[in-house]
Amino acid sequence: MKIPSYWEIDTEKSTSPYNLVDITLSSGLGRDICKIVQSTWKKNLIMFGQDAKGLTHASMRVTKVQRVENPELWQSYAMKRKHLGSRLSKSGTPSRVDVKTSGTDLDVHLKEDINEVYLFHGTKKKLLGGIINHGVDFRLSRDKPLFGRGAYFAESTTKADQYAGKVRFPFS
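Residues numbered from 1 in each chain as written. Predicted model: local features only at pLDDT ≥ 70, side-chain atom pairs only at ≥ 80, totals over all residues. Heavy atoms only, no water.

Visitor: Honestly, the side chain of Thr104 in this entry has me stumped. Any pointers?
Guide: Mapped onto the elements of the fold, Thr104 is located in the loop between helix H3 (71-91) and helix H4 (128-134). Each residue touching Thr104, except ones within four places of it in the same chain, is listed here: Asp32, Lys35 and Ile36. (Helix = DSSP H or I, 4+ residues; strand = E, 2+ residues; numbered from the N terminus. Contact = heavy atoms within 4.5 Å.)

Visitor: It is not clear to me how H3 should be interpreted in this structure. Could you clarify?
Guide: Since there are 3.6 residues in each turn of an α-helix, residues three or four apart along the chain are aligned in direction. End to end, H3 covers 30 Å across 21 residues, agreeing with the expected 30 Å (1.5 Å per residue, within 8%). Those residues of H3 that sit buried are Pro71, Trp74, Ala78, Arg81, Gly85 and Leu88. Considered in projection along H3, the buried side chains sweep an arc of 110 degrees and stay on one side of the axis. Turned more than 90 degrees away from the buried face of H3 sit Glu72, Lys80, Arg87, Lys90 and Ser91, all of them exposed. The inward-facing, buried residues of H3 contact strand E2 (65-69). For H3, the capping residue at the N-terminal end is Asn70, with a side-chain oxygen 3.2 Å from the backbone nitrogen of Glu72. Downstream of H3 by one or two residues, Gly92 has phi in the positive range, about 105 degrees. (Expected span 1.5 Å × (residues − 1). Buried < 20%, exposed > 50% of the residue type's maximum accessible area, 1.4 Å probe, protein only. Arc of directions from axis to C-beta. Polar contact = N/O pair within 3.5 Å; in protein donor to acceptor, adjacent residues only side chain to side chain.)

Visitor: Is there a simple way to explain a nonpolar patch on the surface in this structure?
Guide: Among the surface-exposed residues, Leu119, Val136 and Phe153 lie close enough to one another that they form a single nonpolar patch of about 250 Å² accessible area. For Val136, the position within the fold is in the loop between H4 and helix H5 (157-161). (Patch = residues over 30% accessible without salt bridge, like charges linked within 9 Å, V, L, I, M, F, W, Y side chains within 5 Å. Areas by Shrake-Rupley, 256 points an atom, 1.4 Å probe, with all protein chains shown as cover. Salt bridge = Lys/Arg side-chain N within 4 Å of Asp/Glu carboxyl O.)

Visitor: When you look at the nonpolar core in this model, what are you seeing that I'm missing?
Guide: Soluble, globular proteins show a tendency: their nonpolar side chains are buried together. Val21, Ile23, Cys34, Ile36, Val37, Val62, Val65, Leu106, Phe120 and Ala160 together form the largest nonpolar core, which totals ten residues. Broken down by element, this core gets its largest block of residues, three residues, from helix H1 (residues 28-40). Beyond its immediate chain neighbours, meaning those up to four positions away, Val62 contacts Leu25, Cys34, Val37 and Gln38. (Core = buried A, V, L, I, M, F, W, Y, C linked by side-chain atoms within 4.5 Å.)

Shape descriptors only; they carry no functional weight alone.
Next comes the structure, spelled out in structure tokens:
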């Protein structure tokens, strides 16, 4: 399986297993990502529920977006996506599930026949290196999450932010 044509990593010359590409916030992609982040932020959820007790900020502002280009992880994902497509073609395509992150130009990269969607995953900064190198691994999740051990994703930035820990930015 080939890596996406828009990726910048040179798999022949790269000495790193991944490449981080800065996405300009004023580009179409940057604007779409900012739109999803802002439209899924729910101020009314702050300070409510078990996980949101510690959140005190009323909004979120995107200051930087990076795309992780990891060919090994992409190959694994693409094979699983292809396998799922094959299984579903035999049993019938599931009904489309609408999520809050749908409806932007980003959707052109998704495989509709397998109900692929964009979701958010909140994690602590110290764990990013492991995710970038090895992907999200449910076996490394905390011991007593509310719905059992697993890797959780959300269609709301507010929910994902609850798991990101305290982050301080030098806003002026």
